[in-house]
Structures are given as structure tokens and as C-alpha cells.
Amino acid sequence: MSLNPEKVTPDEYVSRAGAETTNSMEIFHNRAHFWGRLTLFTLIIMCFIPPIYMSFILDAHPGWGAIFTGLVGYAGFIGIMWILEPITYYPTLGIAGTYLAFLTGNIANMCLPCSVSAQKAIGAKSGSRKAELAGVFGIAIASLVNIVVIVLIILGGTYILSIIPPAVEDAFAFVLPAIFGAVLGQFAYKTPLYGGIALAVGMIVLFSPIFSLIKIVVCVVITIAIILYLEKQKD
Amino acid sequence: MSNETMNIANSAPLWIMAFIFVGIVMFQAIVFLRIAKKSAPGIGMTSKEVKTAIRTGFISSIGPSFAIAIILVSLIALLGSPLTLMRIGIIGSAATESAAAEIGANAFGVGLNSDNFSISAFTTVVWTMCLGGMGWLLFTAFFTKSLGNTQKKIEKKNPKIMAAVSSAAMLGAFGYQASDQMVLSVTHTIAGLAALSSMVLIMLIADKVNFAWLKEWALGIAMVIGMASAYFTTLF
């Protein structure tokens, strides 16, 4: 731990930063791997309990054939995302962010927006150590808030929702474009060109005849390629 | 869902399991908050910045959380509360999960809404949703370490590249997500553009007059402006 935190300039990249910075980040990553894996594996084991309970304790086993058909159907529908999503989001989430976001879910519509907001609020540069930690704080708190809200709504049931004015509920129909537009704006205000490029690539890929699930990956790859190319031109 | 199935779907053992799931998610979030807090001074993050990051995460997550909760109510009617809590609280979104439930029910040869949605049909749905959602957990549990090592290798060669890749990946993902939503209707386009431009405006103002707190509220304000503008255009 540094006794003199102010001495370390916040946005330095790892190779240029002091040994202490690298060291505390190393410790942080090791802890994140340990706790991340422990919680994920615990949850993986837990995932078997409800189906086993239903099948063999309540004796409602539907037969392995039906279960297999269901799982194959599910895998065919979205299985490719099991691999593509973690890889696509890793560069923005980082190590700890990945463990958090893939346990709690709602990555694009909650975790990432909260991560970016926390990073921008303290003015941390994308990809820096400080940004990584700020993102972790943002996602961890979002995960807690989300679970508390969900539990409240489930326990309070429809009552809580019934006191929400209908106008507000109607407005929530537009929550997704509003979140995604706002996050894009968070990047576009510093680099409007890149924001425009991302939106243009998004539109082009959206209307391209590509298998729809991998469109987002194609979009991320193309945007990375274009921006890296433009950054190289600058140097 | 038949009454009998609904009773089982809302029975005590399933509630207990659901709360264990929720407990794991909360435990993980708290552990990560603590280890991040411990490492913050070492990388030059002041305690003021830690507080700002936490406050911003809190403010920014309220809107999205309610949006998630509103969709979740439709799932409760289909699957009962405990299974909904297990699936939405953990990896997965409302849209994916309703499709997953339908796939599971069809595998048993019934529709989700049909009267002959028996306990065995419900059990098929539970298997499909619980094991299907595990794919992401398995991949992240096994391969996040390799992703981290790859990142470190790239950074050693070229320290600047990760920063560019990181924000470009984000831009690409949200460029697509925003496009995908905005083409749904003119009103969706208005919501997206209004949120985007108000965000740019808020950030510019915050920089100009040095209102740091404004940045903490930026996502919430921009979201509300986007949703409100869209809503008002539907009134005409």
C-alpha cells in the first residue's frame, strides 16, 4: 500500500506506473479471481439443486428426453452467447467486473452503464487502473441495488407497481433506447467522431444479413478495428 | 399453469433456494466492494473518489433496476415468484428468460400458458432455465483468468492499446444496442436521441462549471429526459 497516494498519477498505464500500483492491482486481481471463482462455482452447484429437488424429491421427473430437448433448444437459441458475451464485454468490464456482471446479469442495461457512469464521475480514463476499480464499485453497488429492488417488488408484489402512475409505467417502455443513447453520449461528448462511427457501424451491421445473435460481436470488432486504426494515424 | 403447479412453484423449499441464490449474489457484491476498497489507495484512488464512484453506481442503478422489475412481474405470472427470483437475480434478462421458459415448456409438449401445464412440465422448465443459464457462469468461472492473462500480455507489448480497445469495445456494443432499439419506432428514436444529446449537454456543463456532482446524476437525468420526451410525443 502506498503511504503517499497523491504521488501516483491516477491515469497512468500499468507499465509506466510505479511498482506499487502494479503490485496492489496484482493483489486485487488475485483476490478477485479467488472470490469470483468461489462465488461462481457455489452458484453453479446451487443451480443443480432446484431441478434435482423437483425431479426426485417431488417425483415430478419429466424424463431425460424432455430435459435434453429443452437444453438443446436453449443452447441452439442462445448457447453461442455463453462464450461470445464474456469475451465481448471483457475489455470494458475487466477481471473483477466480469465476475460481478456475469453473476448478477443485466450487463448491457445495468452493469455497464453504471460502470461507465462511475468512471466518468471521477474522470478516470478508460482502460486505466483507476477506471477498472471505479467500474467495480459501480457494478457491485448496482448488483446490490438491483437485487434489493427485485426482492422488494417480488415480496411487495403488484402493490408497489400499482402505486406507480400509469404515465410513468408507459414511459418505461422507452427505457432501453434511453439507457443506450445516454451511455453512447457519455463517450460521444469527449470523442464525438467515435460516437458517430459507433452509431453508423451499429446501423450498418443491424441491417446486414448476419445471424442476429452475433451482430453485436461483429459490431464490437469492427468498431475496435476502426478506432485502433484512427488512433494509429494520430501517432 | 394449473393451480396445483402454481402452488408447487410458490412452495417454501423453492423460496428458500431462491433466497440462497440471492444471498450468493449479495455476498459476492459485498466482498468485491471490500477488496476494491482495500486496493484503492494503492493505485492512487482517494477515499473521496471511492465514495463518488459508489454514489454514482447507486444513483445510476435505480432507474435500470425498476425497469427490470417492471418486466419481471410478467414472468411471475408465468413461473411463480421463486423461479423468477432465481433467474432474474442472476445472469439473464427478462427477454432471454421468457424465451427459455417457453423452450422448456415446449420440450415437454405444452405451452407455458396452457391449462395442462403440469408439475412435470414446470420441472422441465426448471431444468432448462437452471442448466441453460449455467453456460455463462461456467465460461466466466473457467476462462476469466485466461482473459486476464491475455490482457496482461497485450499490455506488456503495447500499454496504450488496451485503453483504446476498452473504450472502442464499449462504443461498439452500445452503438449496436442503441441502433437496435432506435429502429423500433420513431418514438424509440426520439428516446435514444434525446438521452444521447442531454447526456452530452450534461457532461459539457459539468465540465464547464465544475459541477462534479452533476456527473453522478448524469445517467439518471439523461434516462428520464429520454423516456419523458418519448412519452410526451406519444400523447399527440
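Rules used in this analysis
Residues numbered from 1 in each chain as written. Chains lettered and ligands numbered in written order. Predicted model: local features only at pLDDT ≥ 70, side-chain atom pairs only at ≥ 80, totals over all residues. Heavy atoms only, no water. Phe/Tyr/Trp six-rings, centres within 6.5 Å; stacked < 30°, edge-to-face > 60°. Lys NZ or Arg CZ within 6 Å of the ring centre and 35° of its normal. Helix = DSSP H or I, 4+ residues; strand = E, 2+ residues; numbered from the N terminus. Expected span 1.5 Å × (residues − 1). Buried < 20%, exposed > 50% of the residue type's maximum accessible area, 1.4 Å probe, protein only. pLDDT = per-residue confidence, 0-100. Contact = heavy atoms within 4.5 Å. Axes fitted to C-alpha atoms, helices over the stretch in contact; angles between N-to-C directions. Parallel < 35°, antiparallel > 145°, perpendicular 65-115°, else oblique. Left-handed = near helix turned anticlockwise from the far one by under 90°. Nonpolar A, V, L, I, M, F, W, Y, C, P; charged D, E, K, R; others polar.

Peer 1: Summarise the packing of aromatic side chains; cite the residues concerned and give the values.
Peer 2: Per the counting criterion, the structure on display carries 12 aromatic pairs over all chains. Here a set of aromatic residues connected by ring pairs shows up, and it is made of Phe34 and Trp35 of chain A together with Phe27 of chain B. One Lys or Arg, Lys120 of chain A, reaches over the ring of Phe187 of chain A and ends 4.5 Å from the middle of that ring.

Peer 1: Would you mind going over helix 7 (residues 175-188) of chain A in detail, with residue names and values included?
Peer 2: The terminal C-alpha atoms of helix 7 of chain A, which comprises 14 residues, lie 20 Å apart, in line with the 20 Å expected from a rise of 1.5 Å per residue. Burial within helix 7 of chain A is extensive, with 13 of its 14 residues counted as buried.

Peer 1: Can you break down the confidence of the model for chain A residue by residue, with the values?
Peer 2: In the predicted model, chain A carries a mean pLDDT of 86, and the fraction of residues at 70 or more is 90%. Scored below 50 in pLDDT, residues 1-17 of chain A shows 28 contacts in the model against residues more than four places distant or in partner chains.

Peer 1: Summarise the packing of helix 4 (residues 107-121) of chain A against helix 3 (residues 47-79) of chain B; cite the residues concerned and give the values.
Peer 2: Relative to each other, helix 4 of chain A and helix 3 of chain B sit at 155°, their axes nearing to 8 Å. Comparing their axes, helix 3 of chain B and helix 4 of chain A come out roughly antiparallel. Once helix 4 of chain A is placed against helix 3 of chain B, the crossing between them reads as right-handed. In this structure, helix 4 of chain A contributes Asn109, Met110, Cys114, Ser117, Ala118 and Ala121 of chain A to the contact, and helix 3 of chain B contributes Thr52, Ala53, Thr56, Gly57, Ser60, Ser61, Pro64, Ser65 and Ile68 of chain B. Within the contact of helix 4 of chain A with helix 3 of chain B, the residues separate by chemical class into 7 nonpolar, 8 polar and no charged.

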